[in-house]
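# Observations on the model geometry
One letter stands for each residue in the lines below.
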Amino acid sequence: FKAKKVKIKIEELNSYKQQLSKLYQTIPKKNERETYKDRIKDLESNISESEIYLSSKLDEFKEELGLRNINYKDISSKLKDKEIYVDFAKTEDNYFVFTLDNKNNITYEKIDSNTTININKNVKSFRENIDTLLKSTDLTKEKLNTLNSDAKIVLSNLYENIVGNLNKTISNIKTKDTLIFSLDGVLNFLPFEALYDKTNKQYLIEKKNIKYVPSGKEFVRLLN
């Protein structure tokens, strides 16, 4: 029963993040702004509660499911042909990216400190943009368009810094339709679905299915 509840919570977390991403990409009509603000606050609260719950349960079933000493092959065995596991780790000055597919192909990349600073700066700008939208009481159509335009610039910078690096690292990423992310640092506050490819004028959600897991062990446990 407890394992089933954890699985439901992970599925809920993915759903909340996808809904939030869609809201971020939408400009509300004037008579819908209060509902829009409330919906964003509710979803962010639900995401926070789900992450706190999952964090508290992370170690609970390791022995029961044989997860005490899992390795990359255990994760790889759970991946489908069109899936790729992407794990971001944050140190003081850098992000590190590890990827894995179901053929045991591993890639590893250290994102340089300047790009790491730029990622964190743009995530902060994105959050500030959303806060401005939520707190404004006199949003005109022009102001909304400006906020939306600013958000696209920030999200396109993040796309280049994150997905651009993945494209360089993962030779077969174009053949994958599902990206399974395990995140760290401020990336936990970024809906990857909303990353914007300005060249093709597409959000990442329009090209890939996005899933989130707290860790590789949690991913294996979920599928067990």
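Here's what I pulled together on the structure shown here.

## Considering the overall build of the protein
Of regular secondary structure, the protein possesses six helices and seven strands. Each helix and strand of the protein, ordered N terminal to C terminal, gives the series α-α-α-β-β-β-α-α-β-β-β-β-α. Looking at the protein as a whole, 45% of its 224 residues qualify as buried. For the protein, long-range pairs separated by at least 24 residues make up 69% of all intrachain contacts whose partners lie at least 6 apart in sequence. Here the protein displays about 12200 Å² of accessible surface, and carbon together with sulfur accounts for 47% of that area.

## Let's talk about the side chain of Lys208
Tracing the backbone through its elements, the reader meets Lys208 in the loop between strand 6 (202-203) and strand 7 (209-212). Of the buried charged residues, Lys208 lacks a salt bridge, with Asp177 as the closest side chain of opposite charge at 7.4 Å. A distance of 2.4 Å separates a polar atom in the side chain of Lys208 from the backbone oxygen of Lys176. Other than its neighbours up to four places away in sequence, Lys208 contacts Ile173, Lys174, Lys176, Asp177 and Leu179.

## With respect to the packing of aromatic side chains
What the rule picks out here adds up to seven aromatic pairs. Where Phe98 meets Tyr108, the ring centres are 5.2 Å apart and the plane angle is 45 degrees; that geometry is what we call tilted. With a gap of 10 residues between them, Phe98 in strand 2 (residues 95-100) and Tyr108 in strand 3 (residues 106-111) connect regions that are remote in the sequence. Summarising the aromatic geometry, the rings of Phe181 and Phe192 are spaced 4.5 Å apart at their centres and angled 50 degrees between planes, so their arrangement reads as tilted. You can see Phe181 sitting in strand 4 (residues 178-182) and its partner Phe192 sitting in the loop between strand 4 and strand 5 (196-197), a full 11 residues away along the chain. Ring pairing ties together the aromatic residues Phe88, Tyr95, Phe181 and Phe192, which thus form one cluster.

## Things to note about the nonpolar core
Phe88, Leu158, Phe181, Leu187, Leu190, Phe192 and Leu195 are the most contacted members of the largest nonpolar core, which totals 45 residues. The contacts of Leu158, once residues within four sequence positions are left out, are Ile119, Asn122, Val123, Val163, Leu190 and Leu195. Counting residues in each nonpolar core, the second largest holds eight residues, with Ile75, Ile180, Val213 and Val220 among its members.

## Side note on the environment of Leu79
With respect to the helices and strands, the residue Leu79 is situated in the loop between helix 3 (72-78) and strand 1 (83-90). With 141 residues separating them in the primary sequence, Leu79 and Val220 have C-alpha atoms 9.4 Å apart.

## Focus: the pattern of salt bridges
Taken as a whole, this structure holds four salt bridges when the rule is applied. A salt bridge links Lys207 to Asp197; the shortest N-O distance between them is 2.9 Å. Placement of the pair is Lys207 in the loop between strand 6 and strand 7 and Asp197 in strand 5, with a sequence separation of 10 residues. Since its relative accessible area comes to 31%, Lys207 is described here as partly exposed. Overall, the relative accessible area of 4% leaves Asp197 in the buried class.

## Structural notes on the sheet that holds strand 3
What the five strands build is an open sheet, ordered 3-2-1-4-7; its pairing is mixed. On the outer flanks of this sheet lie strand 3 and strand 7, each paired with one strand and no other. Shown here is a sheet whose adjacent strand axes are inclined to one another by a mean of 20 degrees, direction ignored. Bridge count between strand 1 and strand 4: five bridges; the pairing is parallel.

Analysis parameters
Residues numbered from 1 in each chain as written. Predicted model: local features only at pLDDT ≥ 70, side-chain atom pairs only at ≥ 80, totals over all residues. Heavy atoms only, no water. Helix = DSSP H or I, 4+ residues; strand = E, 2+ residues; numbered from the N terminus. Buried < 20%, exposed > 50% of the residue type's maximum accessible area, 1.4 Å probe, protein only. Contact = heavy atoms within 4.5 Å. Areas by Shrake-Rupley, 256 points an atom, 1.4 Å probe, with all protein chains shown as cover. Lys, Arg positive; Asp, Glu negative; His and termini not counted. Salt bridge = Lys/Arg side-chain N within 4 Å of Asp/Glu carboxyl O. Polar contact = N/O pair within 3.5 Å; in protein donor to acceptor, adjacent residues only side chain to side chain. Phe/Tyr/Trp six-rings, centres within 6.5 Å; stacked < 30°, edge-to-face > 60°. Core = buried A, V, L, I, M, F, W, Y, C linked by side-chain atoms within 4.5 Å. Pairing = 2+ DSSP bridges. Axes fitted to C-alpha atoms, helices over the stretch in contact; angles between N-to-C directions.

These results come straight from atomic positions and should not be treated as a statement about function.
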